[in-house]
Amino acid sequence: MTRPIDPNDFLFRLEQLQVWRRGGERAPHKPLVLLFALARIERGERRLVPFHEAAEPLDRLLEEFGPPRKQHHPEYPFWRLERDGIWQVAWPPPLQLRERRTVDPSRSQLMKEGVEAGFTPEIHALLESNARLRRQAVKLLLEQNFPSSLHDEILTAVGIDPGWETVERRVRDPAFREKILIAWEYRCGVCRFDLRLGTVPMALDAAHIRWKQVGGPDEESNGIALCAMHHRLFDRGAFTLASDSAAPDEEPVHVVVSQRAVGGNALQDWLLSFHGRPLEGPQQPDQRPAEQHLTWHRREVFRGPERRV
Ligand SMILES: [Zn+2]
C-alpha cells in the first residue's frame, strides 16, 4: 500500500511539475489548468470537470496569460497532467481512449467521448479540507510561473478573490531593485514618471524584461525602471521594445505598441504617445537592456502584431 499523501508531498509535486520548456519558451499550460481546478474547489464544485466544460475558460486563460500563439491547446495539459501524480483523467465507457493512452487525444475526441479530469480523489480530499494548503498551492503556481504584476489579474480571471491571499509574498531581491532604479535615475523609462512622497519613490518598479520564472537574471541588462502602469502593460504584452539598428545592444530601443491595445484617452496617454519613441535611459550605455532579453519579450510576451504607424 502506498503512503497517504501529505500537504508537503503535494506542494513538492507541484514544484516538480513537468513543464515543457525549451529555450526559455513559456509553458504556463499546466499551472493555469491547476489554478482553474483550485478555483473550482474553492467554489465547492465537483472534483471532475468534463473537457467540454473546461475547454472554453481554459482557452481564454491561455489566450490572456499564455505566450502569444496562433492556437492554444488546453487538451494537452488536461490530459498530460496525469503523469505528474496529482491528476486523474476519467473516461466513461466504452473507454475507447484508454487503449491509446500513449498518444495525445485530440480536442474533439476529449469532447466527444465525455472525458473528465481533476485532482486525484486523495488530493482533492486534502485540498477540500485544508484552506491553507489551497492558498499555498495557488501562491506557488503563481510565483513559479508568472511575474507578480499579473498575479491579481490571473486570480480574478480564474475566479479567486485576489484579496484572499494571506500567505506572505516571497521577498524580492532588493539589490536588483536598487541597481535598476539607480541606472534609470528613479524614473519610468517610458513616461519619466518620478513621483516621490518625501524622498520615497512611489509606484515605481524595477521590471524584469525576461521573467525570473524562466531564468531571467537579476542584472542591469535584464531590467528597466517602469512606473506601475507601464510595468503591468509591459508584462501583459501591450507594448514591447525594439531597435531598428543592426547593432541593437549599442542603440537606445524604442517603444512598440500592439495593434490589440485599443481604447480612447487611456490608450493615447499611456501607450500611443510613446509609440516609436526611444526609452529615456539608462544613464550608462553598458546598463542598456540586452537584445537577447528583448527578443525573448517580443517572442513570449508581446501581443502582436505591432502597430506600424
Ligand atoms: Zn511609465
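Residues numbered from 1 in each chain as written. Predicted model: local features only at pLDDT ≥ 70, side-chain atom pairs only at ≥ 80, totals over all residues. Heavy atoms only, no water.

Chemist: When you look at the overall build of the protein chain in this model, what are you seeing that I'm missing?
Modeler: Looking only at helices and strands, the protein chain features 12 helices and nine strands. On C-alpha atoms alone, the protein chain measures out to a radius of gyration of 21 Å, which is about the 19 Å that the 2.2 N^0.38 rule sets for 309 residues. Overall size of the protein chain, expressed as C-alpha extent along the three principal axes, is 65 × 40 × 35 Å. When each of the 309 residues of the protein chain is scored for burial, the buried share is 49%. Restricting the contact set of the protein chain to residue pairs at least 6 apart, pairs at least 24 apart contribute 71%. As displayed, the protein chain offers around 15,500 Å² of accessible surface, 50% of which is attributable to carbon and sulfur atoms. Of note, the protein chain has its 44 positive side-chain charges centred 3 Å away from the centre of its 45 negative side-chain charges. (Helix = DSSP H or I, 4+ residues; strand = E, 2+ residues; numbered from the N terminus. Rg over C-alpha atoms; globule rule 2.2 N^0.38 Å. Buried < 20%, exposed > 50% of the residue type's maximum accessible area, 1.4 Å probe, protein only. Contact = heavy atoms within 4.5 Å. Areas by Shrake-Rupley, 256 points an atom, 1.4 Å probe, with all protein chains shown as cover. Lys, Arg positive; Asp, Glu negative; His and termini not counted. Charge placed at Lys NZ, Arg CZ, Asp CG, Glu CD.)

Chemist: So what exactly am I meant to see when it comes to the coordination of the zinc ion here?
Modeler: Reference values for angles at a metal are 109.5 degrees in the four-donor tetrahedral case and 90 or 180 degrees in the six-donor octahedral case. Around the zinc ion, the donor atoms from the protein are Cys188 (SG), Cys191 (SG), Cys227 (SG) and His230 (ND1), and they sit 2.1 to 2.4 Å away. In this structure, the zinc ion is coordinated by four donor atoms arranged in tetrahedral fashion, with angles at the metal of 98 to 115 degrees. (Donors = N, O, S within 2.8 Å, 3.2 Å for Na, K, Ca; no water. Tetrahedral: all angles 85-135°; square planar, octahedral: opposite > 155°, others 65-115°.)

Chemist: What is the right way to look at the nonpolar core in this model?
Modeler: Generally speaking, a soluble globular protein has its nonpolar side chains buried in company with each other. Counting 52 residues, the largest nonpolar core has Phe10, Leu14, Leu34, Phe78, Trp87 and Phe119 as the members making the most contacts within it. No other element matches the nine residues that helix 2 (residues 29–42) contributes to this core. In terms of domain composition, this core takes at least three residues from each of domain 1 (7–164) and domain 2 (174–300). What Phe119 contacts, discounting residues up to four positions off in sequence, is Phe10, Leu34, Ala37, Leu38, Ile41, Arg47, Ile86, Trp87, Gln88, His124 and Leu127. Judged by nonpolar contacts, the second largest core, of 29 residues, contains Ala206, Phe239, Leu241 and Leu267. (Core = buried A, V, L, I, M, F, W, Y, C linked by side-chain atoms within 4.5 Å. Domains from an automatic or database assignment.)

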